[in-house]
Amino acid sequence: MTGFFSKNGRLFIISLVFFIALSGMSACSSSKETQTKTSDSYIAPDYVKRDYKNILILARVDPDMFRRRIERSVIKEFKSRRYNVSGSTDFVTPELMKDTITLKNKVVEMGFDALLVVTFMGEMSGISQNIVFNGNIYSFFGAFPVYNLETRGNKTRYFQTDFYRLDGRGTQWRSGFAANLDGDPDFGLDKMSVQIRKRIERDKIL
């Protein structure tokens, strides 16, 4: 997964603009605050919580291999809480994803009544340093531990998550999330999926 995200490094500015815009969106008069009075989510002013019979999870990221991993992680988290969710990779092709009208008709035809879209926005690089004991003892002038300075590069990936009602217009809920996928990508995706599920419940969307 590192190869794909690294070539999108120039998009980290987009992610910053996204989070700034998201904060402004939450404060404007046409939206409403979340139930916990935070400003990290946008909720459509006329949204009313309801029960959904079948929610489609769709990740917008290339190539499909990474898209499948993201969807699998989100599906696992939501199914663990008994939400009826399904992935899109079996029938939504990259070409279909570009045609929003045809995509919506296909999703409705297949019996979905809501759509959760996870979109990759960009990444930001950073460096962390840690002093690590290497297990050796140097004893020429007396016994004392030997330490190494460990330097690591890390990249934070940013995602935008939107919730759509198939009988509504525009996004009903939007929130931003960050994930560190450098070590174990699946572990990082699972952590982000938990955050998505908790926030969408906190905001009383589901």
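Residues numbered from 1 in each chain as written. Predicted model: local features only at pLDDT ≥ 70, side-chain atom pairs only at ≥ 80, totals over all residues. Heavy atoms only, no water.

**Here we look at the overall build of the chain**
For clarity, the threshold we go by: Labels follow the DSSP assignment, with helices taken as runs of H or I lasting at least four residues and strands as runs of E lasting at least two, numbered in each case from the N terminus. Accessible area is worked out with a 1.4 Å probe on protein chains only. A residue is then buried under 20% of its type maximum, exposed over 50%, and partly exposed in between. Contacts are assigned to residue pairs that have any heavy atoms within 4.5 Å of one another. Computed by Shrake-Rupley with a 1.4 Å probe, the accessible areas treat only the displayed protein chains as cover when residues are assessed.
Looking only at helices and strands, the chain has six helices and six strands in total. Reading the secondary structure of the chain in the N-to-C direction produces α-α-β-β-α-β-α-α-β-β-β-α. Expressed as a percentage of its 206 residues, the buried residues of the chain come to 41%. Nonlocal contacts in the chain, meaning residues at least 24 apart in sequence, comprise 68% of its contacts between residues at least 6 apart. Element-wise, carbon and sulfur atoms account for 54% of the exposed surface of the chain, whose accessible area totals about 11,700 Å².

**So, the packing of helix α3 (residues 64–79) against helix α6 (residues 185–202)**
Our working definition: An axis is simply a line fitted to the C-alpha atoms; with a helix, the fit covers only the stretch in contact. Between two such axes, the angle follows the N-to-C directions and lies from 0 to 180 degrees. Throughout this description, any angle smaller than 35 degrees is read as roughly parallel, any larger than 145 degrees as roughly antiparallel, any in the 65 to 115 degree range as roughly perpendicular, and the remainder as oblique. The handedness criterion is simple: a crossing whose near helix is rotated anticlockwise from the far helix by less than a right angle is left-handed, and one whose near helix is rotated clockwise is right-handed. Each residue receives one of three labels: charged for Asp, Glu, Lys and Arg, nonpolar for Ala, Val, Leu, Ile, Met, Phe, Trp, Tyr, Cys and Pro, and polar for the others, Gly being one of them.
Two numbers describe how α3 lies on α6: the axes approach to 8 Å, and their chain directions differ by 50°. Relative to α6, the element α3 lies oblique. Classified by chirality, the crossing of α6 by α3 is right-handed. Here Arg 69, Ile 70, Arg 72, Ser 73, Val 74, Lys 76, Glu 77 and Phe 78 of α3 come into contact with α6, specifically with Pro 185, Asp 186, Leu 189, Asp 190, Ser 193, Val 194, Ile 196, Arg 197 and Ile 200. Tallied by class, the residues present in the contact of α3 with α6 amount to eight nonpolar, two polar and seven charged.

**Considerations on the confidence of the model for the chain**
This is how it is decided: Per-residue confidence from the predictor is given as pLDDT, running between 0 and 100.
Per-residue pLDDT for the chain has a mean of 76; in total, 66% of the residues score no lower than 70. Segment residues 9–38: pLDDT under 50, and 51 contacts once partners within four positions in sequence are set aside and those in other chains are kept. Of the regions scoring below 50 in pLDDT, residues 138–142 engages in three contacts with residues more than four places distant in sequence or in other chains.

**As for the nonpolar core**
Spelled out, the test is: By convention a nonpolar core is built from buried Ala, Val, Leu, Ile, Met, Phe, Trp, Tyr and Cys residues, the set being connected through side-chain atoms within 4.5 Å.
Ranked by internal contacts, the top residues of the largest apolar core, which has 30 residues, are Ile 55, Leu 116 and Phe 163. Not counting residues within four places of it along the chain, the set of residues in contact with Leu 116 comprises Ile 55, Leu 56, Ile 57, Leu 58, Val 74, Phe 78, Thr 161, Asp 162, Phe 163, Trp 173, Ile 196 and Ile 200. Of all hydrophobic cores here, the second largest spans 12 residues; its members include Phe 91, Met 97, Phe 112 and Val 117.

**Some remarks on the packing of aromatic side chains**
Counted only if it meets this: Here the aromatic set is Phe, Tyr and Trp, taking the six-membered ring for Trp, and pairing holds for ring centres within 6.5 Å; pairs whose planes are under 30 degrees apart are stacked, those over 60 apart are edge-to-face, and all others are tilted.
For the coordinates displayed, the defined rule picks out four aromatic pairs. Ring geometry for Phe 91 and Phe 112: centres 6.2 Å apart, planes at 15°, overall stacked. Note that Phe 91 is positioned in the loop between β3 (85–87) and α4 (94–98) and Phe 112 in the loop between α5 (100–109) and β4 (114–138), a separation of 21 residues in sequence. On the basis of relative accessibility, which here comes to 8%, the residue Phe 112 falls in the buried class.

**A closer look at the pattern of salt bridges**
The condition that has to hold: In what follows, salt bridge is the name for a side-chain nitrogen of Lys or Arg lying within 4 Å of a carboxyl oxygen of Asp or Glu.
All told, the structure shown has 14 salt bridges when counted by the stated rule. Asp 186 is paired through a salt bridge with Arg 72; the nearest N and O atoms lie 3.7 Å apart. Pair noted here: Asp 186 is in helix α6 and Arg 72 is in helix α3, with a separation of 114 residues, a long-range link. Taking the relative accessible area as the measure of exposure, Asp 186 reaches 29% and is therefore partly exposed. Residue Arg 197 is joined to Glu 201 by a salt bridge in which the shortest nitrogen-to-oxygen separation is 2.9 Å.

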